[in-house]
Amino acid sequence: MPSSQQQTSSTPWQDRLAEVCREYQIQAPHFQIVSDRRGGRTAWSSVVTVYGKRIEARYWYDGRNITNAREDAAEAALNWLSTQATLATNW
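Residues numbered from 1 in each chain as written. Predicted model: local features only at pLDDT ≥ 70, side-chain atom pairs only at ≥ 80, totals over all residues. Heavy atoms only, no water.

### Concerning the packing of aromatic side chains
Scanning all chains against the criterion turns up 1 aromatic pair. Centroid distance Tyr51 to Trp80: 6.4 Å. Interplanar angle 50°. Geometry classified as tilted. Here Tyr51, found in the loop between β2 (41-50) and β3 (53-56), pairs with Trp80, found in helix α2 (residues 66-82); they are 29 residues apart in sequence, far enough to count as distant. Residue classification places Trp80 among the partly exposed residues on the basis of a relative accessible area of 21%. We note Arg70 situated over the ring of Phe31; from NZ or CZ to the ring centre the distance is 4.4 Å. (Phe/Tyr/Trp six-rings, centres within 6.5 Å; stacked < 30°, edge-to-face > 60°. Helix = DSSP H or I, 4+ residues; strand = E, 2+ residues; numbered from the N terminus. Buried < 20%, exposed > 50% of the residue type's maximum accessible area, 1.4 Å probe, protein only. Lys NZ or Arg CZ within 6 Å of the ring centre and 35° of its normal.)

Written as structure tokens, this is what we have:
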């Protein structure tokens, strides 16, 4: 790959969440994968704990898309963190 091309992350929301946690010197996010049996299939989602708050992904995903579930939870966590007055003052 030529050096002039930038490599993009496949997990931008997770990366940004980890970066924000480092910036504000809070504990790193902890992700948990959860499942729900639905008929003959299993749906997968994710929960992330950050700054003492447990935040669920908005959607459920097929097993091939667990990364999407983690990204969904990370995005929701960043949205929640941005509303926290003690942290959001420098955003």
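### Overview of the nonpolar core
In terms of nonpolar packing, the biggest core is built from 16 residues, with Leu17, Phe31, Val48, Val50, Ile55, Ala77 and Leu81 touching the most fellow members. Where this core is concerned, the elements lending two or more residues are α1 (12-23), β2 and α2. At 6 residues, the largest contribution of residues to this core is made by α2. Aside from chain neighbours lying at most four places away, what touches Ile55 is Ser46, Val47, Val48, Val50, Ala73, Ala76, Ala77 and Trp80. (Core = buried A, V, L, I, M, F, W, Y, C linked by side-chain atoms within 4.5 Å. Contact = heavy atoms within 4.5 Å.)

### Here's the deal with the environment of Ile55
Here Ile55 is to be found in strand β3. Among the residues examined, Ile55 registers a relative accessible area of 9% and is labelled buried. It is 6.1 Å that separates the C-alpha atoms of Ile55 and Ala77, two residues lying 22 residues apart in sequence.

### Digging into α2
Between its terminal C-alpha atoms α2 stretches 25 Å, which fits the 24 Å expected from 17 residues at 1.5 Å a residue. All of the buried residues along α2 are Ala69, Glu71, Asp72, Ala73, Ala74, Glu75, Ala76, Ala77, Leu78 and Leu81. (Expected span 1.5 Å × (residues − 1).)

### Side note on the pattern of salt bridges
The full count for this structure, using the stated rule, is 7 salt bridges. Here Glu23 and Arg16 are joined by a salt bridge, their closest N and O atoms 3.5 Å apart. A relative accessible area of 31% places Arg16 in the partly exposed class. In this structure, the salt-bridge partner of Arg38 is Asp36, at a minimum N-O distance of 2.9 Å. Among the residues examined, Asp36 registers a relative accessible area of 30% and is labelled partly exposed. Here the residues in one salt-bridge network are Arg16, Glu19 and Glu23, joined through shared partners. (Salt bridge = Lys/Arg side-chain N within 4 Å of Asp/Glu carboxyl O.)

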